[in-house]
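Fold and geometry: a report
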Amino acid sequence: MNQAESDNAAYHWGMVIDLDRCTGCGACVVACQAENNVPTVGETLCSQGREMQWIRIERYWEGQYPEVRARFIPLLCQHCDNAPCEPVCPVYASYHTSEGLNGQVYNRCVGTRYCANNCPFSARVFNFFEPEWPEPLNNQLSPDLTVRSKGVMEKCTFCIQRIRRGKEDAKLEGRPVRDEDIVPACAQTCAPGAIVFGNMADPESRAFRLARSKRRFRLLEDLGTEPSVIYLKGGGREDD
Ligand code: SF4
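Residues numbered from 1 in each chain as written. Predicted model: local features only at pLDDT ≥ 70, side-chain atom pairs only at ≥ 80, totals over all residues. Heavy atoms only, no water.

1. Section: helix α5 (residues 160-172)
- Here α5 contains 13 residues, and its C-alpha end-to-end distance of 18 Å stays within 8% of the 18 Å for a straight helix at 1.5 Å per residue.
- Taken residue by residue, α5 has Q161, I163, G166 and A170 as its buried positions.
- Check the buried side of α5 and you find it contacts β1 (13-18), α2 (27-35) and β8 (195-199).
- G174 occupies a position one or two residues after α5 and carries a positive phi of about 65°. (Helix = DSSP H or I, 4+ residues; strand = E, 2+ residues; numbered from the N terminus. Expected span 1.5 Å × (residues − 1). Buried < 20%, exposed > 50% of the residue type's maximum accessible area, 1.4 Å probe, protein only. Contact = heavy atoms within 4.5 Å.)

2. A few points about α2
- Taken as a whole, α2 has its buried residues at C28, V29, A31, C32, Q33 and E35.
- Buried positions along α2 lie against β2 (55-62), α5, α6 (185-189) and β8.
- One or two steps after α2, the chain reaches N37, where phi turns positive at roughly 55°.

3. A look at the nonpolar core
- Ranked by internal contacts, the top residues of the largest apolar core, which has 46 residues, are W13, M15, I17, L76, F158 and Y231.
- For this core, the secondary-structure elements that each account for two or more residues are β1, α2, β3 (69-76), β6 (125-126), α5, α6, β8 and β10 (229-232). (Core = buried A, V, L, I, M, F, W, Y, C linked by side-chain atoms within 4.5 Å.)

4. With respect to the site of the ligand
- Around the ligand sit C22, T23, G24, C25, G26, A27, C28, I57, P74, C190, P192 and I195, and those are all the residues in its vicinity.
- By residue class, the composition of the shell around the ligand is 9 nonpolar, 3 polar and no charged. (Near = heavy atom within 4 Å. Nonpolar A, V, L, I, M, F, W, Y, C, P; charged D, E, K, R; others polar.)

5. Describing the packing of aromatic side chains
- Counted under the stated rule, the structure contains 5 aromatic pairs.
- With a centroid separation of 5.2 Å and an interplanar angle of 70°, the aromatic rings of F158 and F197 are classed as edge-to-face. On the criterion of sequence distance, the pair formed by F158 in the loop between β7 (153-154) and α5 and F197 in strand β8 is long-range, its members being 39 residues apart. Across the pair, F197 and F158 agree in class, each one buried. (Phe/Tyr/Trp six-rings, centres within 6.5 Å; stacked < 30°, edge-to-face > 60°.)

6. A short note on the side chain of T225
- When you line up the elements, T225 lands in the loop between β9 (216-217) and β10.
- The exposure class of T225 is buried, given its relative accessible area of 5%.
- Once residues within four sequence positions are removed from consideration, T225 is found in contact with C80, D81, N82, A83, P84, P120 and F121.

7. Overview of the environment of L172
- Counting through the fold element by element, L172 comes out in helix α5.
- Between the C-alpha atoms of L172 and A191, which are 19 residues apart in sequence, the distance is 31 Å.

8. Observations regarding the environment of R59
- With respect to the element layout, R59 can be found in strand β2.
- Using a relative accessible area of 53% as the deciding quantity, one classes R59 as exposed.
- The sequence separation of R59 and P74 amounts to 15 residues, and the corresponding C-alpha distance is 8.8 Å.
- Among all residues touching R59, those that are not within four sequence positions of it are R71 and F72.

9. Considering the sheet that holds β10
- The 4 strands are arranged β8-β1-β10-β9 in an open sheet whose pairing can be described as mixed. Each edge of the sheet is formed by a strand with only one pairing partner; in this case those strands are β8 and β9.
- Of the strand pairs in this sheet, β1 and β8 are connected by 5 bridges, and their pairing is antiparallel. Bridge pairing links G14 to G198 in β8. (Pairing = 2+ DSSP bridges.)

10. Re unusual backbone geometry
- Residue Y65 is joined to P66 through a cis peptide bond whose omega torsion reads 5°.
- With an omega of -5°, the peptide bond running from E135 to P136 counts as cis.
- Phi angles above zero are rare outside glycine, and R113 is one such case at about 65°.
- With respect to the helices and strands, R113 occurs in the loop between β5 (102-104) and α4 (114-118).
- We classify R113 as partly exposed; its relative accessible area is 36%.
- Notably, C159 is not glycine yet its phi reads approximately 50°, a positive angle.
- In this fold, C159 is placed in the loop between β7 and α5.

So, in structure tokens, the structure goes:
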């Protein structure tokens, strides 16, 4: 194992989302959109199923009228360890990194959309148009990542630009990455703290500890895709 491989083995990025804390406010959706240069497409295109979002809030109703309660599930790319989107890409644009991320190489993507069809979570979105940010909205674009163009598939990256920056800062300071070094935009914005991101290979990380809660579950577990996003069911204490 060379130095780079041994460094990478130290990381397996994952996320824990506590559904008991999520209020369905949608702040994480907006934060993701701003951080990752995701365009807003407007009402007409949304009604045609062309919305661009890397994270969406699924709403469910629980109980019978009048005792009905709304439940929310923030849904994003699950960064599956056995990702069904990866083997179907004819040009290897969708691939798995050594740190457990499901990567997407934009300039390889030829837009066949096989990956989106094979994703059981419908977490991938396709650029049907050339996104535009008229002046002065172009000033809000992040220089840390590209603006994807027409014909390209995109999806949540766990804010890979923040992961890289956190790792580089830690390296410059000669220390391992700490929990607070890397916080994706959605987790940073979530007021009730429902989203916790971290290194699942580090037993000291908060994400590692939460992922072992008795309330844990993963979406569509029976499919065997091994998601890296763990949800915590409502109705319990955080450390249950
Ligand atoms: S910001 Fe937090 S509380 Fe609001 S929808 Fe997203 S996960 Fe839920």
